[in-house]
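The lines below spell out each chain.
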Amino acid sequence: MAHEQQDAARTGSYLIRGAAILGGAAQDLLIRDGIITGRGTDLAGSDAADGATVIEAAGLVALPGMVDIHTHLREPGREDAETVETGTRAAALGGYTAVHAMANSNPVADTAGVVEQVHTLGRAAGWVDVRPVGAVTVGLAGEQLAELGAMADSRAKVRVFSDDGICVHDPVLMRRALEYVKAFDGVVAQHAQEPRLTAGAQMNEGDVSAVLGLTGWPAVAEESIIARDVLLAQHVGSRLHVCHVSTAGSVEIIRWAKGRGINVTAEVTPHHLLLTDELVRSYDPVYKVNPPLRTDSDVQALRAALADGTIDVVGTDHAPHPSEHKECEWAQAAMGMTGLETALSVVQATMIETGLMGWEDFARVTSTAPAVIGRVADQGRPLEVGEPANVTLVDPAARWTVDPSKMATMGRNSPFAGRELPGKVVATFFKGHPTVLNGELNTPYRHGSHPETTGPAGAN
Amino acid sequence: MKHLLSTEDLSLANAIRILDTAEEMAAVGEREVKKLPALRGRTVVNLFFEDSTRTRISFEAAAKRLSADVINFAAKGSSVSKGESLKDTAQTLAAMGADAVVIRHWASGAPHRLAATDWIDAAVINAGDGTHEHPTQALLDAFTMRRHWAQLHGTPSAGADLKGMRVAIAGDVLHSRVARSNVWLLRTLGAEVTLVAPPTLLPIGVGQWPCSVSYDMDETLAKGVDAVMMLRVQGERMNASFFPTTREYSRRWGFDDNRLRALDTLGLKDTIIMHPGPMNRGLEISSAAADSPRSTVLAQVRNGVSVRMAALYLLLSGDTREPAATASSGTASSSTAYSNAAHSTKESH
C-alpha cells in the first residue's frame, strides 16, 4: 500500500456539506489527500476545513464508491466496442470507483502479461480502479487451467477468475479451479450455462419463445450448473461466485446452499431486475443478452433475493457492442447490454422506490459486498474518518430520460433507452479526487510516479 | 394494414378481407387472360435468404398477374452471402424504389426488423421467417378449408369464417412456422385446433396457445376431425433425438394407409388431408393419402397464388384502413362491402 499513500499526496481537500450519509442524517464529510479526515455536523468552521473546496450536498445521498464485479471493457482487442478509457469514464459517471474487467478480451486475459496490461491501462486512465479478472482456462477454451497463480502474483493482483461468456462446464476442471484458487484466496466466478442445453439459444425458453419461434435458453441450463457448482464448492471447501443469476430457481438453490454454509456469493444485473422477455416480441436485438431476460416472476424473485441477501451484489455485466452488431436480425446480433451509466438508477427504481431496500442496503450490494468478493481492500469501506475517500454523491430526486447517444461508453446498446429513470450521480470521488463533479466528468486521478504509470499516463 | 408480418396480430376483419379478396383473385385465374392491371408500375421484390422455389414462384406469379414489376433477389450467390447486412440490402432495395418486399429469411423476426426500422419504407410481406410464422401459407390453408367448409354446408365462401371446423395439425410443431401461423389464424376464424405431435416436437409454452394438444394421432381422429394437416419432418431433426427412428415416427404420428382407411371406418367421409409441401412421402404422409381424393395438396398450391395476389393487392392498392371491427357479428355484410370495393377498384383500371 506504500505507493497508494504516495499517490494520495496531491488530491487536495473537499468539504461535502450536508449529505445524507447512506441515506441517513445529513452530515459533512471532509476529504483530504485521499482520506476521509472528518465526518460530523457543521465542519465548515473547523480549522481542518480551511482551504477545502466546498461541495453543497443538501438533498444528496453519500455512498461508498460503487464497485462493479462484472464489467466488459473490451480492451485489448475490441477497441471498436470500448476501451479502458471510455469504459472507465462511463464507470465514473455511473458512480463507480472500481470495476472488475472481465477476461474475454483478445488476447484473452489468461496470462500475467495481459492482466498487467489491463491494470496499467486502468491506472493510466485514472477514472476508477481497474481490477482485471483472470481467465480460468487458457483462451476460455475450457480445456486446461490458465496460470492462475501467475496472475494472482502479478502487479494486477488478480483474485477473481472467470471464463465469463462461457461456462466452465467440465466438472473436473471446475473442481480443480475451485481447489486451486484457495492457494491465494481467489474466487471462481462462474457463468452458469449448460452448453448442450443451450445450443443455438436465443432467448428465455417459455411462453414468449414458443410464439416467436426463437430457440429457447431454459432456466434449467443455469440452475443445473449452479446446483453442481455449489456442491463442488462445498466438497473442496472453496469460494464460488455465481455471475448474473437470472432465474427464480437459481435463487432457491443459492438460498439452500447458503443455508448449508457453503461459501457462495451471487450477483444480479440491473437489467434482470427490471426487464422481461416480453420485450423480445419486438425482435429488437437491444434486448438480446446472455443469460436472457426472463419472466416477471423471475424478476420478482431476484428482487426479493437481493433484498434478503441471498443475492449478494449487483453486477452490471456492462457489455458494449458496436451498432453494426445490433442493427441486424435477432439471431445474428451480439448478446449484451451497456449498464455502467444506468445501474444506480435501475437499482433505485427496482429496489429502493419499491420499498425493498434502503440506501444502506444499496451500499452493501453495490460497494461493500463486491469489494469483499474481489478482495479490493481499499474499496467498499465505511464512510468514516481514516477510510479511503471513495465516495459517490447521488441526487435521489432527479429524474432523467436515458439517451445512449449522450453516454460516455462507446456502446449505444442500452435497453433502457427512452425510459425515464430516477436518481443521478452528482459527484464521484476516487481516492479523494473528484472524477465527476456536477454530474459531469471532471478530471482523472493521477497516480504517483510508480513504474506502472509510464506510458500514456495523463493522456486523455 | 401496412405490412403482413404474422397472423398472430391479424384481425378477424382483415383476415376475412384477404380471404374474400382472394376469392375475387381466384376468378381472375380462371379467365383466359389471367392478368389485372392493378399494380402496373409498382415494384415487388422477392427477397429470399433461404431457398424456397415454391413460395418464390407463387409470389412471382401473384405479382405478375397483378401487372407488378417483379425482382427476384436470392441471397445465395449475391452480396448477401459475402457479408452484406440485412440493413444494407434493405437500404439498397429502398434506393431502387421497391414498393413491396416479400421476404423469406432463416432468422425468426427478420421481416419485423424490416418493418420496424427506417431502413426501408416499403410494404413488407413475411414469406416465412425462421421457425416463427408463414402467414400467407396459413391464409391459403384457411382459404382452402373455407371453400371446403362452405361447399359442405351449401353456403358461399365469401364473408364466412371457420366456426365449428375441427382441424388437426400434426408433426414438428416446434420448428414449424406453418403450424404457428395456422394456430393463430384458425383461432381468429373460429376453428377448433388440435396439435398432434411427439412431446419433443412441441414448444415449451404450447399450453398457452389457443388449441388442444394430443400425443395420440388415432385418438384425435377418433374424436372426429374435419381437416388433418400434416407437417413436413425436416431431415436435420432425424438424428437429433427428437424421435428414435423415422419408422417409429411414421407409425405413431404419420398419416399412413391405416389411418386413411380409419377415416372411412370412423365415418369421416368429408375430412380433408392437407400438407404445405414439399412432402416426405412414406414418412409423415403415405402416397395413398397424398394422392387420395381427400388430399387438397394441389388445391393449396393453386389457392396460394390467389391469396398472395390478395395480400399484394391490399397492401399496395393504397387502402390501408382497418376495416370495421364488427366483422365477427356481421361478416356477411361487411365482406360484401370489401368484395365490392375490390371489384370497383379493379374495374377502374
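Criteria and thresholds
Residues numbered from 1 in each chain as written. Chains lettered and ligands numbered in written order. Predicted model: local features only at pLDDT ≥ 70, side-chain atom pairs only at ≥ 80, totals over all residues. Helix = DSSP H or I, 4+ residues; strand = E, 2+ residues; numbered from the N terminus. Buried ≥ 20, exposed ≤ 12 C-beta atoms within 10 Å, placed from the backbone. Contact = placed C-beta atoms within 7 Å. pLDDT = per-residue confidence, 0-100. Axes fitted to C-alpha atoms, helices over the stretch in contact; angles between N-to-C directions. Left-handed = near helix turned anticlockwise from the far one by under 90°. Nonpolar A, V, L, I, M, F, W, Y, C, P; charged D, E, K, R; others polar. Pairing = 2+ DSSP bridges.

A.B. asks: If you had to explain the overall build of chain B to someone new, which residues and values would you point to?
C.D. replies: Looking only at helices and strands, chain B has twelve helices and nine strands in total. Within the span of chain B, comprising 349 residues, buried residues form 50% of the whole. Nonlocal contacts in chain B, meaning residues at least 24 apart in sequence, comprise 78% of its contacts between residues at least 6 apart.

A.B. asks: A description of the interface of chain B and chain A should follow, citing residues and the corresponding values.
C.D. replies: Tallying the contact residues gives 22 residues for chain B and 19 residues for chain A. Where the side of chain B that touches chain A is concerned, the elements lending two or more residues are helix 3 (86-95), helix 4 (110-116) and helix 6 (177-189) of chain B. Top contributing element to the side of chain B that touches chain A by residue count: helix 4 of chain B, with four residues.

A.B. asks: Can you lay out the confidence of the model for chain A for me, pointing to particular residues and giving the numbers?
C.D. replies: All names here are of chain A. The predicted model of chain A has a mean per-residue pLDDT of 95, with 95% of residues at 70 or higher. Scored below 50 in pLDDT, residues 1-8 makes twelve contacts in the model with residues more than four places away or belonging to other chains. Segment residues 450-460: pLDDT under 50, and 15 contacts once partners within four positions in sequence are set aside and those in other chains are kept.

A.B. asks: Please set out the packing of helix 5 (residues 135-153) of chain B against helix 11 (residues 297-316) of chain B residue by residue, giving values where relevant.
C.D. replies: Residue and element names in this part refer to chain B. The interhelical angle for the contact between helix 5 and helix 11, taken along N-to-C directions, is 115 degrees, at an axis separation of 8 Å. For the crossing formed where helix 5 meets helix 11, the hand is right-handed. Between helix 5, through Thr-136, Leu-139, Leu-140, Asp-141, Phe-143 and Thr-144, and helix 11, the contact on the second element is made entirely by Ala-299, Gln-300, Asn-303, Gly-304, Ser-306, Val-307, Arg-308 and Ala-311. Of the residues in the contact of helix 5 with helix 11, the class split is six nonpolar, six polar and two charged.

A.B. asks: Describe the sheet that holds strand 7 (residues 212-214) of chain B, with residues and values.
C.D. replies: Residue and element names in this part refer to chain B. Pairing within the open sheet is parallel, and its five strands lie in the order 7-6-5-8-9. Looking at the sheet topology across the chains shown, the edges are occupied by strand 7 and strand 9 (272-274). Neighbour-to-neighbour, the strand axes of this sheet turn through a mean angle of 20 degrees, independent of strand direction. Bridge count between strand 5 (residues 166-170) and strand 6 (residues 192-196): five bridges; the pairing is parallel. If you follow Ala-170 over to strand 6, its bridge partner there is Val-196. Strand contacts of helix 6: strand 5, strand 6 and strand 8 (227-230), with the helix running at about 160 degrees to strand 6, the strand carrying the most contacts.

A.B. asks: Lay out the sheet that holds strand 14 (residues 264-268) of chain A in plain terms, naming residues and giving numbers.
C.D. replies: Residues and elements named next belong to chain A. Pairing is parallel across the open sheet formed by five strands, whose spatial order is 9-10-13-14-15. Of all the strands in the sheet, just strand 9 (160-161) and strand 15 (313-314) have a single pairing partner and so form its edges. Strand direction decides the pairing type here: strand 13 (residues 240-242) and strand 14, joined by three bridges, are parallel. Each residue of the ladder has a partner; that of Leu-240, found in strand 14, is Val-264.

A.B. asks: Tell me what's going on with helix 11 (residues 343-352) of chain A, and back it up with residues and numbers.
C.D. replies: Residue and element names in this part refer to chain A. Counted residue by residue, helix 11 has ten buried out of ten residues, so it is predominantly covered. Where helix 11 is concerned, the buried positions are Ala-343, Leu-344, Ser-345, Val-346, Val-347, Gln-348, Ala-349, Thr-350, Met-351 and Ile-352. Those residues of helix 11 hidden inside the fold are in contact with helix 9 (270-274), helix 10 (296-308), strand 15, helix 12 (359-374), strand 16 (391-401) and strand 17 (420-430).

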